Amino acid sequence: MTDVDWDAEAASFDEEPDHGLRDPEVRLAWAGRLRDWLPGRPGDVLDLGCGTGSLSLLAAEQEHRVTGVDRSPAMVTLARRKLAGRDAVFLLGDAASPPVGDRRFDAVLVRHVLWALPHPARILRHWYGLLRPGGRLVLVEGVWGSAEPVGIPAERLTGLLAPVAGRVRVHRLSDDPLLWGGPVTDERYAVVAVSGGSGQQCGEVAAPGE
């Protein structure tokens, strides 16, 4: 993934069902998940590795104020176009160290990014530090492929979060074909960590379909 020319991929990026969310049922499925994962009240959401802004748009439609960050100028251009007129700003930068200064957010949303970054434990600490008290770190990840699988298993990710996060919950996503435009057989999940929670509940697994 680190060798991909994302500027070259930008024009066709939204053709993947879970990237462009062009199918109404896929879009509705992701909107429902974000409604569960993000704060219930309108807040400030940081979308890291935002791509063309499809999840940013869903968050904005739920009345959140969105800041998106991506290292690809072409992706940022498309995201700005997609969210024109919304309460959203898109910045060119590295998801591992987003150019947001001392700003803090009610949610940090990261989909399919962490697995490809070096030093994930250090990056998670940085992302977690960008949250306001009670804020939510939402990580959508997985393990893809069978011959040469790539990704990060949920068990490893919750282990990396254990030293820094309070309440952590794993939502299994593989059995929801609407999210992906069809059935999948590999591991797909989301981890939601709440800042400022008391007690350690790392590795808590949600019921199937949650």
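Residues numbered from 1 in each chain as written. Predicted model: local features only at pLDDT ≥ 70, side-chain atom pairs only at ≥ 80, totals over all residues. Heavy atoms only, no water.

## What to know about the confidence of the model for the chain
Reasoning step 1: Averaged over every residue, the pLDDT of the chain is 91; residues scoring 70 or more account for 92%.
Reasoning step 2: Across residues 197-210 the pLDDT falls below 50, and counting only partners more than four positions away or on other chains, this stretch makes 35 contacts in the model. (pLDDT = per-residue confidence, 0-100. Contact = heavy atoms within 4.5 Å.)

## Some remarks on the pairing of strand β5 (residues 131-144)
Reasoning step 1: Burial of β5 is extensive: 10 of the 14 residues sit out of reach of the surface.
Reasoning step 2: Strand direction decides the pairing type here: strand β4 (residues 105-111) and β5, joined by six bridges, are parallel. By the bridge assignment for β5, L109 is matched with V138.
Reasoning step 3: Tracing the backbone out of β4, into helix α6 (residues 120-129) and back to the parallel element β5 gives a crossover that is right-handed.
Reasoning step 4: As defined by bridge partners, β5 adjoins strand β8 (residues 187-194) across eight bridges and the pair is classed as antiparallel. Pairing of R136 across the sheet is with V194, part of β8.
Reasoning step 5: Relative to strand β6 (residues 150-151), β5 is paired through two bridges, and the arrangement is antiparallel. Note on β6: the bridge partner recorded for V143 is G151.
Reasoning step 6: Here β5 folds back onto β6 in antiparallel fashion, the turn holding five residues, of which G145 has a positive phi close to 90°. (Buried < 20%, exposed > 50% of the residue type's maximum accessible area, 1.4 Å probe, protein only. Helix = DSSP H or I, 4+ residues; strand = E, 2+ residues; numbered from the N terminus. Pairing = 2+ DSSP bridges. Right-handed = clockwise from strand over helix to strand, strands pointing away.)

## Thoughts on unusual backbone geometry
Reasoning step 1: The backbone phi angle of H112 is positive, close to 55°, even though this residue is not glycine.
Reasoning step 2: Considering the arrangement of structural elements, one finds H112 in the loop between β4 and α6.
Reasoning step 3: A positive phi angle is found at H119, which is not glycine, with a value near 55°.
Reasoning step 4: Following the sequence through the fold, H119 ends up in the loop between β4 and α6.

## As for the nonpolar core
Reasoning step 1: Core analysis: the largest hydrophobic core is formed by 31 residues, its most contacted members being L124, W127, L137 and L161.
Reasoning step 2: In this structure, W127 is in contact with L48, A95, A96, P98, V108, V110, L114, L117, L137 and L139, ignoring residues within four places of it in sequence.
Reasoning step 3: Judged by nonpolar contacts, the second largest core, of 30 residues, contains L34, V140, V184 and A190. (Core = buried A, V, L, I, M, F, W, Y, C linked by side-chain atoms within 4.5 Å.)

## Comments concerning the packing of helix α1 (residues 6-13) against helix α5 (residues 73-82)
Reasoning step 1: Where α1 meets α5, the axes come as close as 7 Å, and the angle between the chain directions of the two elements is 30°. Contacts between α1 and α5 pair W6, D7, A10, A11 and F13 from the former with P73, A74, M75 and L78 from the latter.
Reasoning step 2: Its residues placed into classes, the contact of α1 with α5 shows eight nonpolar, no polar and one charged. (Axes fitted to C-alpha atoms, helices over the stretch in contact; angles between N-to-C directions. Nonpolar A, V, L, I, M, F, W, Y, C, P; charged D, E, K, R; others polar.)

## Concerning helix α4 (residues 54-61)
Reasoning step 1: Of all eight residues in α4, seven are buried; the element is thus mostly enclosed.
Reasoning step 2: Residues of α4 that are buried include every one of S54, L55, S56, L57, L58, A59 and A60, and no others.
Reasoning step 3: E63 occupies a position one or two residues after α4 and carries a positive phi of about 75°.

## Section: helix α7 (residues 154-161)
Reasoning step 1: Among all positions of α7, only A154, L157, T158, L160 and L161 are buried. For α7, the buried positions fall inside an angular range of 155° around the axis, keeping them on one side. (Arc of directions from axis to C-beta.)

## Some thoughts on the environment of W37
Reasoning step 1: Counting through the fold element by element, W37 comes out in helix α3 (residues 24-37).
Reasoning step 2: Taking the C-alpha atoms as reference points, W37 and V100, 63 residues apart in sequence, are found 22 Å from one another.
Reasoning step 3: In this view, W37 contacts W30, R136, V138, V140, H171, L173, A190 and V192; residues no more than four positions away in its chain are not counted.

## Some words on the side chain of S56
Reasoning step 1: Mapped onto the elements of the fold, S56 is located in helix α4.
Reasoning step 2: Contact partners of S56, with chain neighbours within four places excluded, come to D47, C50, V66, L83 and F90.

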